[in-house]
Every structure is written in structure tokens, then in C-alpha cells.
Amino acid sequence: MKGHITITEGALAALIGLTAHEIPGVVGMSPANIRDGLRKILGKAQASEGVTIKKDSNGQYSADLYVIVAFGVNIPIVARNIEEKVKDFVKRNAGIELAGVTVHAVGVSHA
């Protein structure tokens, strides 16, 4: 019996968002667009908040993450850790090799 498994971009974004939250130095995610911002205002934050997924003409996915980091952390190191862990986690758990991960540090918090 053969079947087909489809992982939606929404599910992929949620996996990536949840993975990013586990990185030391990440305080939270920032809305990546107006729709995410409205969801947050309405109290409907989702695991995919702060993550945008792009699919290129070759069918490869890349991700942009908009993160808020803790005050005093080394932002480039935190960003590299996010990139490495997200790529590894998505490959191991979804079978998808991301073409790229771009981390945008959009805020710093004392939290």
C-alpha cells in the first residue's frame, strides 16, 4: 500500500516556531506580518507566529524568523543556534531540507 504525506506550510511554520522558542536567549517571536499582528491583538497567537515560509521555483522551502532576544545575549550566536537547530529539527522530523533560514532579531527584552 502506497500513500502520500503532505506537510502544509502552516504545519512547517509551527514546527519552526516551536523549535525557535527552545533556543536559549529567545524570549519570543514577533509578528511577521499584519495578519499575525491582528491575531496577537485578538489574543489568538499561534505557534507559527513570527515565521514566514517561502517556496522557490525548485520546490525548496526557506524560512524567515522574527525573534525577540533576551537582553545581554550575543545576538549572532543566538541567531546561528536558531538556524542550526531549526534546519536539523525540520530535516529529522519532517523530512524537509530547508534551503535557508534567515533570523531577524527585531527586539530585545529584559524578560
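No experiment lies behind these values; they were computed from the predicted model shown. (Residues numbered from 1 in each chain as written. Predicted model: local features only at pLDDT ≥ 70, side-chain atom pairs only at ≥ 80, totals over all residues. Heavy atoms only, no water.)

Student: What is the right way to read the side chain of Thr19 from this model?
Tutor: Position of Thr19 relative to the elements: it lies in helix α1 (residues 9–21). Within the structure, Thr19 has its side chain in polar contact with the backbone oxygen of Leu15 (distance 2.7 Å). Once you skip the residues sitting within four places of it in the chain, Thr19 turns out to touch Lys85, Val86 and Phe89. (Helix = DSSP H or I, 4+ residues; strand = E, 2+ residues; numbered from the N terminus. Polar contact = N/O pair within 3.5 Å; in protein donor to acceptor, adjacent residues only side chain to side chain. Contact = heavy atoms within 4.5 Å.)

Student: Would you explain a nonpolar patch on the surface in this entry?
Tutor: Together, Phe71, Ile75 and Val108 make up an exposed nonpolar region whose accessible area comes to about 290 Å². Within the fold, Ile75 resides in helix α3 (residues 75–94). With a relative accessible area of 33%, Ile75 lands in the partly exposed category. (Patch = residues over 30% accessible without salt bridge, like charges linked within 9 Å, V, L, I, M, F, W, Y side chains within 5 Å. Areas by Shrake-Rupley, 256 points an atom, 1.4 Å probe, with all protein chains shown as cover. Salt bridge = Lys/Arg side-chain N within 4 Å of Asp/Glu carboxyl O. Buried < 20%, exposed > 50% of the residue type's maximum accessible area, 1.4 Å probe, protein only.)

Student: Even after reading the chapter, I still don't get the nonpolar core, so can you show me in this structure?
Tutor: The nonpolar side chains of soluble globular proteins are, as a tendency, buried together. If you look at the biggest cluster of nonpolar residues, it comprises 22 residues, and the most contacted ones within it are Ile16, Ile53, Leu65, Ile82, Val86, Val90 and Leu98. The set of elements that each furnish at least two residues to this core consists of α1, β1 (26–29), β2 (51–55), β3 (61–70) and α3. When residues no more than four places from it in sequence are discounted, the contact partners of Val90 are Leu12, Ile16, Gly95, Ile96 and Leu98. (Core = buried A, V, L, I, M, F, W, Y, C linked by side-chain atoms within 4.5 Å.)

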